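Survey of secondary and tertiary structure
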Amino acid sequence: MRIAVAYSSKKGLQKEYRKHLEEFLFDQEEEPPPSDFFAEGDSECTINAVMEAFRSKGHTVCGVEADDEAPVNLARSRPDMVFNIAEGLFGDFRESYIPMVCERLGLPYSGSGPLTLAVCLNKERTKEILSYHSIPNARFMTVSPNEKINLDGFKFPAIIKPVAEGSSKGIFDDSVVDDARTAKKRIVEKIRKYRQPVIVEEFLDGREFTVAAWGNGTGFEVLPIISISYDELPSNARKIYSYEAKWVWDTPEKPLDIFKCPADLTSKEKKLIEDTVRKTCAVLGVKDLCRVDIRFDSKGVPNVLELNPLPGILPNPDDNSCFPKAARTAGYNYPDMLDNIIRIAAKRWGIGKESENRRTGERAAKKSRKSK
Ligand SMILES: Nc1ncnc2c1ncn2[C@@H]1O[C@H](COP(=O)(O)OP(=O)(O)O)[C@@H](O)[C@H]1O
Ligand SMILES: [Mg+2]
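Predicted, not measured: the structure shown is a model, and the values here were computed from it. (Residues numbered from 1 in each chain as written. Chains lettered and ligands numbered in written order. Predicted model: local features only at pLDDT ≥ 70, side-chain atom pairs only at ≥ 80, totals over all residues. Heavy atoms only, no water.)

Describing the coordination of the magnesium ion (ligand 2)
Those protein atoms acting as donors to the magnesium ion (ligand 2) are D293 (OD) and E306 (OE), and they sit at 1.9 to 2.0 Å. Here D293 is found in strand β12 (residues 288–296), whereas its partner E306 is found in strand β13 (residues 302–308), with 13 residues between them in sequence. Here D293 falls in the buried class, since its relative accessible area comes to 9%. According to the relative accessible area criterion, E306 is buried, its value standing at 13%. (Donors = N, O, S within 2.8 Å, 3.2 Å for Na, K, Ca; no water. Helix = DSSP H or I, 4+ residues; strand = E, 2+ residues; numbered from the N terminus. Buried < 20%, exposed > 50% of the residue type's maximum accessible area, 1.4 Å probe, protein only.)

Considerations on the domain arrangement of the chain
Taken domain by domain, the chain comprises domain 1 (2–109), domain 2 (139–202) and domain 3 (208–348). Facing the nine residues of domain 2 at the interface are twelve residues of domain 3. Of the roughly 970 Å² buried between domain 2 and domain 3, counting both surfaces, carbon and sulfur atoms make up 49%. We note a salt bridge from R238 to D178, for which the minimum N-O separation is 2.7 Å. Counting every contact that joins domain 2 to domain 3 gives six residue pairs in polar contact (both at pLDDT 80 or more). Looking at side-chain class alone, the side of domain 2 that touches domain 3 contains four nonpolar, two polar and three charged residues. (Domains from an automatic or database assignment. Contact = heavy atoms within 4.5 Å. Buried area = accessible area lost by both parts, 1.4 Å probe. Salt bridge = Lys/Arg side-chain N within 4 Å of Asp/Glu carboxyl O. Polar contact = N/O pair within 3.5 Å; in protein donor to acceptor, adjacent residues only side chain to side chain. Nonpolar A, V, L, I, M, F, W, Y, C, P; charged D, E, K, R; others polar.)

Quick notes on the pattern of salt bridges
A complete count under the given rule lists 22 salt bridges for this structure. Residues D80 and R2 are paired through a salt bridge, measuring 3.8 Å at the closest nitrogen-oxygen approach. Note that D80 is positioned in the loop between α3 (70–77) and β3 (81–84) and R2 in strand β1 (residues 2–7), a separation of 78 residues in sequence. Taking the relative accessible area as the measure of exposure, D80 reaches 10% and is therefore buried. Among the charged side chains, a salt-bridge network with shared partners connects D174, R186, E189 and K190.

Structural notes on the environment of P114
Counting through the fold element by element, P114 comes out in helix α5 (residues 114–121). Considered as a pair, P114 and D178 are 64 residues apart in the sequence and their alpha carbons are 37 Å apart. Those residues within four positions of P114 in sequence are excluded, and the remaining contacts are S96, P99, M100, E103 and Y109.

Looking at the packing of aromatic side chains
Per the stated rule, a full pass over the model turns up nine aromatic pairs. The interplanar angle of 15° and the centroid separation of 6.4 Å between the aromatic rings of Y17 and F90 together place this pair among those described as stacked. Here the residue Y17 occupies a position in helix α1 (residues 10–24), and F90 occupies one in the loop between β3 and α4 (97–105), the gap between them amounting to 73 residues. Classification of F90 as partly exposed rests on a relative accessible area of 26%. Through a chain of ring-to-ring contacts, three or more aromatic side chains come together here, namely W214, F323 and Y332. (Phe/Tyr/Trp six-rings, centres within 6.5 Å; stacked < 30°, edge-to-face > 60°.)

A few points about the environment of S298
With respect to the helices and strands, the residue S298 is situated in the loop between β12 and β13. Classification of S298 by relative accessible area gives exposed; the value is 66%. For S298 and N150, which are 148 residues apart along the polypeptide, the C-alpha to C-alpha distance reads 25 Å.

Examining the packing of α5 against helix α6 (residues 123–132)
The N-to-C vectors of α5 and α6 enclose an angle of 105°; their axes lie 5 Å apart at closest approach. One way to sum up the angle between α5 and α6 is to call them roughly perpendicular. Of α6, the residues touching α5 (which contributes V119, C120 and L121) are K123, R125, T126 and I129. Considering only residue class, the contact of α5 with α6 consists of four nonpolar, one polar and two charged. (Axes fitted to C-alpha atoms, helices over the stretch in contact; angles between N-to-C directions. Parallel < 35°, antiparallel > 145°, perpendicular 65-115°, else oblique.)

Quick notes on the site of ligand 1
Around ligand 1, the structure places 23 residues, and the nearest of them are K161, S168, E201, E208 and Y241. Y241 places a polar main-chain atom, nitrogen or oxygen, 2.8 Å from an oxygen atom of ligand 1. At 2.9 Å from an oxygen atom of ligand 1 is found a side-chain nitrogen or oxygen belonging to E306. Protein burial of ligand 1: of its 540 Å² of free accessible surface, 99% is covered by the chains. (Near = heavy atom within 4 Å. Areas by Shrake-Rupley, 256 points an atom, 1.4 Å probe, with all protein chains shown as cover.)

Quick word on helix α2 (residues 44–56)
Taking 1.5 Å of rise per residue, 13 residues should cover 18 Å, and α2 covers 18 Å from first to last C-alpha, within 8% of that figure. Buried within α2 we find T46, I47, A49, V50, M51, A53 and F54. Against β1, β2 (60–65), β3 and α11 (334–348) lie the buried residues of α2. With its phi angle positive at about 90°, G58 sits one or two positions after the end of α2. (Expected span 1.5 Å × (residues − 1).)

Notes on the environment of N73
Along the chain, the position of N73 falls in helix α3. Residues N73 and A4, spaced 69 residues apart in sequence, show a C-alpha to C-alpha distance of 9.7 Å.

Comments concerning unusual backbone geometry
The residue after F156, namely P157, is reached through a cis peptide bond having omega 5°. A cis amide bond, omega 0°, links C261 with the succeeding residue P262. Examined against the element boundaries, P262 turns out to sit in the loop between β11 (259–260) and α9 (267–283). Within the chain, R195 stands out as a residue other than glycine whose phi angle is a positive 50°.

Structure (structure tokens):
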């Protein structure tokens, strides 16, 4: 298959950031971006590993940066499938950009569509949908910039997060607060720093899991569940998978041993989690792959923290990237995992032998036109 890997490289995001400054903020005092601002960009290492893995499976591969030129580059290369990992940097639709372009151009792509990606990026919208479908999730409220903060009746401890980020951006040890006074202070700080509303959630103090799943419809499969243990974090650290835990305390040189896959669970707990993940992915219209973060409440009920329909797929096992970790436990090495995602997406788009035949036909027709 001819695959275009669409990504948001770290370099690409920095260019995007400079452009944004010039276009939108030229007359404003600009604070330097927070240290975690580019946390979601794809490293050269990941981009190369993905392309190399597809090549090793016999695919023809090109890379496409999800920038202004992406529509032209995709239109020109017209791949059989776009493998989308591009997360973008600005706006509610930043993760939906490549799917929107692909739909416009009539190109098949892997993963969820624009609506699912946009909704799942926004934790408030996601939780509203989960609640509507009676899927347990922590009680919450949101606070917008300049809105009066009223925390009356809110139970503490609580956790304060930017409403639309990922990769633990904006979720530091200090995001967990024990009282209304600290909460107010933190809300103001986070709104200023991340330039968006914040979501305040009641703190779930049970065990945490992250659950990878792939497939569609009846072929939807939950991969081995990963548990996250906080025993290895510094003793005074909050029991959350914070930015520090994800990127500072856990490095390939000194990996934190906080994951267990498959997690120790009774068969009842496992089924409860799997059912929650299936239902969650179904109501949000997830396609092909997703990772769902789950935490038990004090009664042992799995609550959904959030969905990651564009899950990280870092290649090095020491990077502790959870989707590849779950796939590995299920017996898929990195190239096998990527190839399976492409197969799942191809099946959904109805691509297979038929398209091979069509392409061979097209090539034959071109040849005969040329020879006339
Ligand atoms: N309501 C909550 N109760 C307890 N811990 C939470 C809650 N929300 C988030 N966390 C902790 O913060 C981490 C990051 O939050 P999450 O919503 O998954 O954001 P991100 O999109 O950055 O991964 C979670 O993995 C979990 O450890
Ligand atoms: Mg998460």
